[in-house]
Each structure stands twice: as C-alpha cells, then as structure tokens.
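What follows is the residue order along each chain.
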Amino acid sequence: MIVFNFIEIEGYKSIPGPLHYPLNTRGISVLMGKNGAGKTSIIDALVWVLKGKTIKKVIDPSPWQSSRGDNYMGTRVRLNITVGGKNIDIYRHKAYKGETWGIKGDNHILITGGKSIRDKVDIQKAIDKLVPLSFDLLKSSVIFGQKLKKLLEQPGVGRKDILEEIFEVFYIEKAKEVVKGVLESLDSQWASLSAKKDRYELDIETIGGKIKSELAYQERWLKENNANINRLSSELHEAQHQLSVLPPVDLVKRLEFPKTITTLQTRKAEITAQYNNLNYSLKIHRDKLGELQSYKVGKRCPTCGTLLKKGKPKHPMVDPIKKCKEQISSIEYSLKELNSPRKDIDKALEVAQRKWELAKKSNDKEFLALKLQNDKRTGLIEREKILTQNLEKARGNKYKPLVDVHSLKIKKSESIKQLKKCKAQLDTLKTQREEYQWVSKVPLSHTGIKAFVINYMLKQLNTQLDLYTRDFGMSIRVGIKMETKMKDFYARIYKGDVERDYYELSGGEQQLVDIFISFSIHDITTESRDINILCLDEVFESLDPINVQKVSELISKKSQTKSIHLITHLTNLQFSGPVTYYKVRNKEGRTSIS
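This structure is a prediction, so every number in the text was calculated from the model and none was measured.

1. Looking at the pairing of strand S14 (residues 563-568)
Line of reasoning, step 1. Most of S14 sits inside the fold, with 6 of its 6 residues counted as buried.
Line of reasoning, step 2. Neither face of S14 is exposed, since Ser563, His565 and Ile567 on one face and Ile564, Leu566 and Thr568 on the opposite face are all buried.
Line of reasoning, step 3. The pairing of strand S13 (residues 533-537) with S14 spans 5 bridges and is classified as parallel. Within the sheet, the bridge partner assigned to Leu536 lies in S14 and is Leu566.

Here it is as structure tokens:
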C-alpha cells in the first residue's frame, strides 16, 4: 500500500508557505474558500512534486512577483509517503535558494528512505516506481479536478494509453485461463440458446399449421352453410310465388272432404320432411367423414397442423372421425325407425284414397279440378312452412371451431417475440465468441493478449460503473472495439433505453458521468496499487441538490476506506463519518489555511 502522509509547500503559486497539509486523515477533509483563494494549488502541488507537471498546464509554479515577499526563497514541495513500511521524503525544487539536507535546492529532485540518487532522470524513475502511476492516470484515478481533461475528453490514443496502464497488471497465463473459461461458457450458452431457437421455430410452424387448418375448415363450413341458405331461400321464394298465383278454393259447399285423408296427408308430410332432413344431414356427415379420412401421409393434420408421418398413428384425427361415425350411425338408426310409420301411413292413406276415388266418380269434373287445385295449394302451404323453418335453422347455425384461433395467435406471437429475443442474444454471443476465438487463435503476441486483458478488465470496470449509476437513472458501458485494427476505446451512455452522446448531455449529466468513471477507475487502479487518498476538486459543479446529496453519500461511503480531500464552495453538505473543515484564505495574493 502507498500511504500519502503529508505535504509541505513553500513558494508554490499563491502559497508563500511554508504550509503543512496532512493527507493521511480519517474521513473527509473539506477545503473551503472563495474563488482564487488557492484551494486547488494544494492538490496541484501534490501532482507537481510527483511528476514535475501541473494539472493546470502552468509551466512555472513560482508565485507572482507581487506576492513573493521579502523572505521568498524559491519553490520547494515536500511529500512524505510510506511504501512497503518504509517512510520516504520526496523533494522537488524550482529555483530554490535554500538548502535541503545540506544541498542547495536550486532545481533538484531529492528522495530519501533508500539509496541516495543524484541524477534527475534516475530520481524521477525511482519516484515513478514508488508511485506507479503516470501523469494522466494520476489525474484520472486519484485526482478529480474541474479543470482537468476527463477520460472521455481524451483523444483515442490517450484513452487507450490510460486504460492500458490501469489494466496491465495481470499475467498472460491468467488471460489464457480466462479465455478458455469464457469460451466454454459462451459455447454452453450458444448451445442452449440454439436449442431454444429451434424449439421456438418448431412451435411457430406447428401453431401456424393449426391456424391455417382451422381457417380452411371454417371457410368450407361457411361456404356450405351459405349454399344451403341460398338453396332454401330460392325454394321458399318459388313456393311463395306459386301460392301467390294460386287462389284458395272452398270445397266445403260441394263436398265434405274426408278428414281421415287430410290427417294422414299431414302426418305423411311431417314424416317425409323429417326423413328428407335426416337424409340431407346424413349426406353432410358422410361428406365430412370422407374429407377427414382423405388426409394421408405427407399432408398436415387439419386439427393440429402437424405433418403426418408414415407408420405413425394419426392421433389428431381419431376423435373427429369417431364422432362423425357416431353421428352417421345415429342418423341411419333414426331413418330406419321412420320406415315403419311411413309404410303404415302410406297403407292407411291408400285405403282412404281408394274410398275417395269411389266417391269422386259421383262428382262432376269441375269439382275434381277444384280438388286438384286445393290439393296443390295445401301442399305448397306445407312446403312453405317447412322451408321457412329450415331456413331459420340454417341462418341460426353458429360455427363451432375445432381449436381456439385467438389463443393460438397469442401463443404464436409470444413465440415470435421469444424467437427474436433469442436471435438477438445469439447475435451478441456470436460477436463475443468471435472476439474470444480471435484471442485464442492469434499467436500470443503482446499486443493481442494486452487487448484481451483490457477487454476483460473493462467488464470489471463496467461492474463498478453499475454500482455507481444504478440510483442515478443512467448507465454507462465502456469497451474495446475488437473489430477495429487499433482496438479503439468506446463509451456508451444510456438514459433509460436511449443511447446518448457524451457531448449532448447537460453539464450536470456530464459531471455525473465523469464522477462515475473516475470513481470506478480509482477502484480498479487501487486494487493493485493501493493508495490511501482521493482528491476531488469541485466535484459538485453543475449538479442539482438531489444529485449533490447522492454524490455526497457516495463520497461518505468511499471515505470509510480512503482519505478524501474535497475542494468545494458549498456550505450545506451532509456527510456521514468524520469530517474536517479547512478555511482557505487569500490575502494580497498569498494563500493560507486554518
């Protein structure tokens, strides 16, 4: 672990010094003051002593000429750290006239706690080894500043370099094991999803067959029923026309027509109509049976739509055929039962008519003509009655479906939806498999393995991002475009299901995105380079009160394991845990804290 203990600043920008600022503190240290008071100069001095660069790109860290004072000796910054249990001092000077360890400061860099090094290049290398963070990574993982260029604002090469530095901590063998495990997992997922896709496609085909069969059967039934209605309507219209041109005849005055013949004829007409209806129904059911029995191997079942295969029982057809045969048997039995009453009535009518024939001989020809006309009218009236009844029955017929088409359509729609989802997942898996297969097949060059390690670690970074963004109504996904030659870095920002470009976000939204990425990078970086501090300069800039409170809660949580150094103008912040407030003042261009 790298512990930053304290920093001493003298003659740095607006800080005349000497100024002592503790870094290894519990909880949160809040630096408060007006604009231009010099709050950021403290953090800037920390970066300068480590890297010899300032975060605000000011080459000369010396104070303004007007604020140097009579005791100005030049610039000196001391950083005290503990690495591996060893306490180390790092000094960096700029035109310093005083002495450090008996050596004139001048522009020297000095380091203690180990072997003394005098050469500037070697000293900088030693510092970089103690604190293995580049200038850009230091700004991206330990220091969050309002004037700093954020990771997403870096050019593609700059972002890639930072990420490579963050993630280049795993051994190649670890990458090989991860590749193998991930490919096995992806292959397993691929097999499972492929099986699901095949099942959904089969379901869609089967359900489609059922729906098609049902609709065809319904169309045939409606066609036959309409034809029957048209036939009955035509026959009824013809009977009514004949009645309209045939006036009624009164035969009572001429002769009392035998009541026995009238009764028998009425009964015969009823039985005949019943017999005809049964015969018509028998024809319909026999046609239907022939149709059901006509389905052979290679055709689809009209009930369920499945393909009938050779040697397989036609299970979907058993019940309709059986039911149709039972109905035919019932109709045939009813016809057989009507034969005896028909013969009896015909015999009785024959006897009565024979007697009537004898009676007719005694009447004149006019009566016989009227008698024939009356008989015809009576028959037409009876036929009109029967046709009307049959027509009403035909019009009242309701189609009874063999299957519920509406339910099948819902089921089919759900299967199509699941199939689309399954295909989308397969497309994603295909891309992932190709990426990992590329890693496994390409010779284990440094570039190839490095790209894979970064991609793997980006998943860890995405996991950290999820932890920070889940309560803020947005999500962030970062990754490497494996299909590009340069393996470019990308970041996708979503609000709900809508992807948003970083530069289209509001200032507050950009600030949140930068905070989440900075915190996540800090977490990943300090897993291997454990550093005890996190510096935040105006982290609440552009945030609304609700997000200020949420970010304050995140900072409080991080302060449980880190020393947080917060620069802000806000005075109503609420934190949990220890908080130390420092008042930063600037008088006549000279900064002091209390």
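2. Overview of the pairing of strand S6 (residues 96-100)
Line of reasoning, step 1. Bridging between S6 and strand S7 (residues 103-106) involves 3 bridges; their strand directions are antiparallel. Within S7, the residue paired with Thr100 across the bridge is Ile103.
Line of reasoning, step 2. In sequence, S6 turns back onto S7 through a hairpin of 2 residues, with Trp101 there showing a positive phi of about 60 degrees.

3. Section: the sheet that holds strand S1 (residues 2-10)
Line of reasoning, step 1. Spatial ordering of the open sheet is given by S2-S1-S4-S5-S8, a layout of 5 strands whose pairing is antiparallel. Either end of the sheet is taken by a strand with one partner, and the two such strands are strand S2 (19-22) and strand S8 (109-111). Across this sheet, the average inter-strand angle for adjacent strands is 15 degrees, counted without regard to direction.
Line of reasoning, step 2. Against the sheet, helix H1 (residues 39-51) contacts S1, S2, strand S4 (75-83) and strand S5 (86-94), and its axis sits at roughly 100 degrees relative to S5.

4. Description of the nonpolar core
Line of reasoning, step 1. Formed by 83 residues in total, the largest nonpolar core has its most connected members in Phe4, Phe516, Phe540 and Ile555.
Line of reasoning, step 2. Not counting the four nearest positions on each side in its chain, Ile555 is found in contact with Ile28, Phe519, Leu536, Val539, Phe540, Ile564 and Phe575.
Line of reasoning, step 3. By size, the runner-up hydrophobic cluster in this structure holds 12 residues, among which are Leu282, Leu335, Leu338 and Ile345.

5. What about helix H12 (residues 545-558)?
Line of reasoning, step 1. With 14 residues, H12 should cover 20 Å at 1.5 Å per step; its first-to-last C-alpha distance of 20 Å lies within 8% of that length.
Line of reasoning, step 2. Within H12, burial applies to Asn547, Val548, Val551, Ser552, Leu554, Ile555, Ser556 and Lys558.
Line of reasoning, step 3. The N-cap residue of H12 is Asp544: its side-chain oxygen and the backbone nitrogen of Ile546 are 3.1 Å apart.

What counts, and where the lines are drawn
Residue indices begin from 1 for each chain and proceed along its sequence in written order. With the structure being a predicted model, the display of local features is reserved for residues of pLDDT at least 70 and the display and counting of side-chain atom pairs for 80 or more, all residues being used for whole-chain, interface and lining totals. Note: side-chain values were computed over all heavy atoms of the structure, leaving out hydrogens and water. Residue burial is assigned from relative accessible area. The probe radius is 1.4 Å, only protein chains are included, and a residue is buried under 20% of its type maximum, exposed over 50%, and partly exposed in between. Counting from the N terminus, the helices are DSSP H or I runs at least four residues long and the strands are E runs at least two residues long. One bridge is not enough; two strands pair if DSSP finds at least two bridges between them. Orientation is described by axes fitted as lines to C-alpha atoms, over the contacting stretch for helices, and by angles from 0 to 180 degrees between their N-to-C directions. Here a residue-residue contact requires only that any non-hydrogen atoms of the pair lie within 4.5 Å. Among buried residues, the Ala, Val, Leu, Ile, Met, Phe, Trp, Tyr and Cys ones that are joined through side-chain atoms within 4.5 Å form a nonpolar core. The length a helix should cover is 1.5 Å for every residue beyond the first. Side-chain atoms alone can form a polar contact between residues adjacent in sequence; in general such a contact is a pair of N or O atoms within 3.5 Å, and within protein one must be able to donate a hydrogen while the other accepts it.

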